[in-house]
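Residue-level listing of the chains:
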Amino acid sequence: MKARFSMSALLSVMAAAALAADAPRPIAIRGARIVTVSGPVIEKGTIVLSGGKIVAVGENAAIPGVAEVIDGTGKTVYPGLINGLTTLGLTEIGSVPGSVDTTETGDINPQARAWLAVQPHSDLIPIARANGVTVVLTAPQGGLVSGQSALLRLAGTTPEALTVKQPAAMHMVYPTGRPVFNLARLFEEPELKTFEDRVKDRRQNQEKELRRLGNLIEDARALGQRRGANVPSDVDLAEEALGAVARGELPVVMRADAEDDIRGAVRFAGEHGLKLIIAGGLEAWRCADLLKEKDVPVLLQVDRLPLRESDRYDASFTNPSALHRAGVRFAIVSDDAADTRNLPYEAAMARAYGLPADVALRAITLSPAEIFGVADRLGALAVGKDADVFVATGDIMDTRTQVTHVFVDGAPQSLETRHTRLYREFKDRP
Amino acid sequence: MRARPILALMMLAALVSPRGYAARGEVYALVGGRVFPVSGPPIEKGTVVIRDGLIEAVGANVTVPVGARVIDVKGLSVTPGLVDGFGGIGLPAPRPGGGGGAPPSPAANPLAPQALALDRVRLADALKARDSGITTALVIPRDGVLPGQSVLLNLGGEKLEGMVLRQPAALHLHMATLSRTYPGSLMGTVAYARQALYDAARYRDEWKAYETAARGHKRPAYDPALQAWQEVLAGKELLIVTATRENDVRRALALADEFKVRLAVADAPQAARVAELIKTRKLPLLVSVNFDPPRAPTFGTPDDEKERQDIEEAERNPSELHKAGISFALVSAFAPDFLAGVRKAIERGLPADAALRAVTLAPAEVLGVADRLGSLEAGKIANVVVWSGEPLAKDTKAKMVFVDGALYEPDEKAKPKEDHR
Amino acid sequence: MNALFLALLALASETIAIRGGTILTVGPQGTIANGTVLIRDGRIAAVGTDVAVPAGARVIDATGRYVIPGIIDAHSHTAIEGGVNECTNVVTAEVRIADVLDQHDVNIYRQLAGGVTAANVLHGSCNPIGGQNAVIKMRWGKGPSDLVFAGAPPGVKFALGENPKRSNFRVPGVTRYPATRMGVEVVLRDSFRRAQDYKREWEEYDRKVKAAGPKGERPVAPRRDLELDELRDILDGKVYVHAHCYRADEILMLIHLADEFGFKIRTFQHVLEGYKVASEIAKHGAGASTFADFWGYKMEAFDAIPYNAAIMASHGVNVSLNSDDDERARRLYWEAAKAVKYGGVSETEALKMVTLNPAWQLGVDKRVGSIEVGKDADIAIFSAHPFDPATRVEMTLVDGIVYFDRARDDGKATRAAGGAR
């Protein structure tokens, strides 16, 4: 009988076994409160994940026989949280240069592509994931044109495996005209200038930088046209990278906080035909009508101090609800790496200061998905979407809630992190 | 005849001497102008008689002495010479700083109470200020924490020594910080000053003990800095603390209380906030008209709105102090244009007569020379200015400036703005 | 007694009854549902369910609300002007935060709006031995000396690890010692040896003076050194030590050094690896003031875990959660909730970490930190449980005066005098 086993048969059996081993087993979470985000809350229902997708969700969704069933009694199921602006994967320890890849030399780096420099084994990734964050936008920082960002899922052993969408956007900083702070400056002889002179300098610097930026974009547009008409031109990676921006194909995330700078950014985008998203947006509430009129979405970090001394003390907390009332699209983001896990509590703060609870949750799920054009796949619990799901013991915006399960692309994720390991190692040390 | 050679010599002297040299015995009578004595109400058609460097008489019905050079000042106004009670007139302009390059000239020691501003004054530079009607200036470097001791100068004459009204005028402490050496923080500056004063007191006790019984005891070391503090410690020399912020005034008072020193505060753009305290303590004030001084950039979120408000508050400060009934001097505090600053203060509500007093008699009072300077009164030093119009008004120029009774006529073509920050 | 004083006295003596809320006393009375807190003369006069409200008392309706002791931030740099750090020297125990308190820092108000009533305002972490702290109450609108929490024991800031050894920034042209953790220890050891010498010197002097008698020749006193005064007071147990530290080994180093010289560390600050040596910290008797979950920004912060507070607390360490940041200071109640999430600290214990525990660490637990009869009426009223995601601070009282009232906040508090309403 053993002689009958052919090599090919053996190989196909092995292949089948391997395939089966790679594909996550279907999962069903039963009897849980399901917050779909895109539809009404299902008070007690079932969600089924299979083949990396959500295949069923509802009060009486059918559970396939082979599925692993998780009892969701007393628990809440959410779509994986999406953090719309981070440096996750590009930085490990901020003060250790060897571990930081967020900011390239020079002001103009449109050809720098974040997803090629991401560290998939960053200790920070499991930590964010363990609190329900499953997708982040990772972006370079600094200069005038920082580079290109990508949407990453927080599971995978290679940058390719992590990448959900690249490029997601081109990142720029609206020039404020002010000198950039660095620690060494504190110990130099300061340059003494009157306020009037500093205001003048600032304006001049700003105009100069805006002209520079504008020229870059127009040169890129012209290059694109030459390419399109097959006119030979020299290679310029930077210009090429900006071409998609000039044509409005790739959105621009522009960092601007002061009202004048936000207005300036909107004007600049209008002049050059850019598809604009504002990051920072600390004073976005002061020009909400303009942002609504031009349909410019904003990536807001909530736990920031107000810009002006004369601002109401809660100006940054009420910023999201002000934008919401004006009909401006926005996402709530953490804008860092190590604190990515605290995303739901930022949304909670916005909620405490006037943002409706469902809008607060949407701001960290479906809204960022829409802003970056992946709402067909992510940000809500609906049939056909990617199976990015997590289970919690209650309201995820409540700090006391624990996350019990996380799934990315339908694959269960370990909740073990550097932190839980150290906790176990030392909690009972005598 | 013996008179002839003397006459010839005198004529020769008149020919070759630079304009403005006053021979001894020169008598002037300024007649028919609007006279502002400051110590009393204005005199519509008054006469001021100057003799031998002093004011001889002021009034509506003063007899012009025989042999006086009569100057018709009808339609013009006459005031005491302006006193800039705190500034850098005559000192080399401080570097704007920054850039990290090599300093252009040997920088002054920032912690040297023994340094004398007089040693650094450049005569030609000092005299330029006179063209705007400033006849007296307290001079001290802007930078540093303990820049040394200031000198009070009359801005006229051939030699610096002859210009000295008081030397030293005061010992100065700037509530400021240094970039690379201690003190690098404001709390450091306070601690530095306190330690210096404790050390100065001990130095005094050490030397006193030694002078009392030298034999058998080791000689204490000489320390020029600690020596420099002695007159302040004894309450004989004025300590002027430069206060940039509201709380600097409190810090200055705390220091004065701890060491029982005689105190005046300079700059003080937020002094109106502590008007009650200033009144209660009768704190002499030298209030700055340098409303937007060159400053280091602050890091952190820039709040332009707040900075503008701070400047506006500083501009209204003199007017608010006046409303609170406080007497104070107005000083340039290194502003490039002292008079423009004074005019701004008037624009923001300080009555013109209060402003005039603030730049004449008031600084004289603060600096302890009010018995000899600061108003048009018989016996006082003949520092007098004849103005083309209303004193301190925008287009008014100084037409004639008397310093120690010598007449100077400002150059019409000369720039009114001086570069002595 | 003038009218203003009497008016202020009356205002301060306002009798207030906070009625109908859930009181989280953090004291022996635990949680009181539907309770009343009676405030008289700035103190808590009664707490319970059947407290009689005197006629004429102001009644604050707290129905549906939560009433907690005012939050205390044990690590703050709010309200400092002129620099948080005296970075130029390595040991700067002579500088005092109390000299540079900035009563106009709007962050005082913003923190009141986050339920904070007191803060430990510290010197920065530039030096192994920094300056003297100031414990303040958030009395928005009062002058700088009125912010000081009278009676709070004095303290000095120490710093270990990367910051004092300048791992993460270099000042061009400056060579500084220490550059390693070894050097940090040397600086500390050397400082306390000098302090011992100083102590001996003064004890010797006191003996000589005593021996000389009232009429004998007084020797000249030793030099009074403001820095060594503080270090000697640390040796004598009169001044607390608040030590910024991260790594477990440096925590142990400091414990051994303190034991060797015979003084106690009052608190380890940040102490992010405290969980690795929790027993040793407990045995020494120090408190630990740490972050809830801020981590990862430096090498020495990379082993930080959000379970730090829970582990240290379970080993008997008095743990508080602090901000070290104006932004975080507004939401310390949110930070406290993290102790529940990470390590299962009970809600009461977690609340203690921002109230009674920091009060003990600062030596003011007899006065504040819980709602108990006799303590200062420092209270925060929340719209829901402080850990509830939708909660907001509605009102904050310090010494029984309402300094923050969300319903009446007109957005102009920043420039207004603030104060009693």
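Okay, the state of the cysteines next. Applying the stated criterion across every chain yields a total of one disulfide over all chains. The thiol sulfur of Cys245 of chain C is not disulfide-bonded, and the nearest other cysteine sulfur, from Cys126 of chain C, lies at 17 Å.

Next up on the list: helix 4 (residues 181-212) of chain C. All names here are of chain C. A rise of 1.5 Å per residue sets the reference length of helix 4, with its 32 residues, at 46 Å; its end C-alpha atoms lie 47 Å apart and thus fit the reference within 8%. Capping the start of helix 4 is the job of one residue whose side-chain oxygen sits 3.1 Å from the backbone nitrogen of Met182: Thr180. Phi turns positive one or two residues past the end of helix 4, at Gly213, with a value near 80 degrees.

Before going further, it helps to spend a moment on the side chain of Lys338 of chain C. Structurally, the position occupied by Lys338 of chain C is in helix 9 (residues 332-341). For Lys338 of chain C, the side chain forms a polar contact with the side chain of Asp293 of chain C, separated by 3.0 Å. In terms of polar contacts, Lys338 of chain C uses its side chain to reach the side chain of Glu335 of chain C, at 2.9 Å. Lys338 of chain C has contacts with Asn342 and Thr399 of chain A together with Ala292 and Asp293 of chain C, leaving out every residue within four places of it along the chain.

Moving on, we come to the interface of chain A and chain C. With 51 residues of chain A at the interface, the matching set in chain C holds 58 residues. Together chain A and chain C conceal approximately 4,800 Å² of surface at their shared face, both sides included; 57% is due to carbon and sulfur atoms. Put simply, chain A and chain C have seven salt bridges between them. Here chain A and chain C share 24 residue pairs in polar contact (both at pLDDT 80 or more) between them. Counting residues per element, the ones that place at least two in the side of chain A that touches chain C are helix 2 (124-129), helix 8 (315-326), helix 9 (343-352) and helix 12 (418-426) of chain A. Each residue belonging to the side of chain A that touches chain C can be placed in one class, and the counts come to 21 nonpolar, eleven polar and 19 charged.

All names here are of chain B. Across the interface, helix 4 (residues 186-212) lies against helix 7 (residues 246-259) with an axial gap of 11 Å and an inter-helix angle of 20 degrees. In terms of orientation, helix 4 lies roughly parallel with respect to helix 7. The handedness of the crossing between helix 4 and helix 7 is right-handed. Across the interface between the two elements, Leu186, Val190, Ala193, Arg194, Leu197 and Tyr198 of helix 4 pack against Asp248, Arg251, Leu255, Glu258 and Phe259 of helix 7. The class makeup of the residues in the contact of helix 4 with helix 7 is seven nonpolar, no polar and four charged.

What follows is about the sheet that holds strand 10 (residues 155-159) of chain C. Residues and elements named next belong to chain C. If you trace the six strands from one edge of the open sheet to the other, you get 8-10-11-12-13-14, paired in mixed fashion. Because the sheet does not close on itself, it has two edges, and the strands there are strand 8 (129-132) and strand 14 (318-321). Here the strands of the sheet are splayed against their neighbours by 20 degrees on average, with no regard to which way each runs. In this structure, strand 13 (residues 287-290) lies alongside strand 14, joined through four bridges in parallel fashion. The residue bridging Ala288 from the neighbouring strand is Val319, located in strand 14. Relative to the sheet, helix 5 (residues 226-235) contacts strand 8, strand 10 and strand 11 (240-245), its axis offset from that of strand 10 by approximately 95 degrees.

This part covers the packing of aromatic side chains. All names here are of chain C. Counted by the stated rule, this structure contains 26 aromatic pairs over all chains. For the pair Phe192 and Phe261, a centre-to-centre distance of 5.8 Å together with 45 degrees between the ring planes defines the contact as tilted. Highlighted residues: Phe192 in helix 4 and Phe261 in helix 6 (residues 248-261), separated in sequence by 69 residues. As far as burial versus exposure is concerned, Phe192 and Phe261 are alike and both buried. Relative to Tyr205, the ring of Trp202 has its centre 5.5 Å away and its plane inclined at 80 degrees; by these criteria the two rings are edge-to-face. Here Trp202 and its partner Tyr205 are both found in helix 4, three residues apart, which amounts to about one turn of the helix. Judged by its relative accessible area of 18%, Trp202 falls in the buried class.

This next bit is on the pairing of strand 1 (residues 27-35) of chain B. Two faces, one strand: in a regular strand the side chains alternate between the faces of the sheet. Residue and element names in this part refer to chain B. A large share of strand 1 lies buried, amounting to seven of its nine residues. The pairing of strand 1 with strand 2 (residues 43-51) spans seven bridges and is classified as antiparallel. By the bridge assignment for strand 2, Val27 is matched with Arg51. Here strand 1 pairs with strand 4 (residues 69-72) via four bridges, running parallel. Each bridged residue has a counterpart across the sheet, and for Ala29 the counterpart in strand 4 is Val70. As paired strands, strand 1 and strand 5 (residues 77-80) are joined by two bridges and run parallel to one another. Each residue of the ladder has a partner; that of Val35, found in strand 5, is Val78.

Attention now goes to the pattern of salt bridges. Residue and element names in this part refer to chain A. Per the counting criterion, the structure on display carries 101 salt bridges over all chains. For Asp311, the salt bridge goes to Arg286, with nearest N and O atoms at 2.6 Å. Taken together, the residues span a long stretch of sequence, with Asp311 in the loop between strand 12 (298-300) and helix 8 and Arg286 in the loop between strand 11 (276-280) and helix 7 (288-293) at a distance of 25 residues. Overall, the relative accessible area of 4% leaves Asp311 in the buried class.

Each value, and the rule that gives it
Residues numbered from 1 in each chain as written. Chains lettered and ligands numbered in written order. Predicted model: local features only at pLDDT ≥ 70, side-chain atom pairs only at ≥ 80, totals over all residues. Heavy atoms only, no water. Disulfide = S-S within 2.5 Å. Helix = DSSP H or I, 4+ residues; strand = E, 2+ residues; numbered from the N terminus. Expected span 1.5 Å × (residues − 1). Polar contact = N/O pair within 3.5 Å; in protein donor to acceptor, adjacent residues only side chain to side chain. Contact = heavy atoms within 4.5 Å. Buried area = accessible area lost by both parts, 1.4 Å probe. Salt bridge = Lys/Arg side-chain N within 4 Å of Asp/Glu carboxyl O. Nonpolar A, V, L, I, M, F, W, Y, C, P; charged D, E, K, R; others polar. Axes fitted to C-alpha atoms, helices over the stretch in contact; angles between N-to-C directions. Parallel < 35°, antiparallel > 145°, perpendicular 65-115°, else oblique. Left-handed = near helix turned anticlockwise from the far one by under 90°. Pairing = 2+ DSSP bridges. Phe/Tyr/Trp six-rings, centres within 6.5 Å; stacked < 30°, edge-to-face > 60°. Buried < 20%, exposed > 50% of the residue type's maximum accessible area, 1.4 Å probe, protein only.

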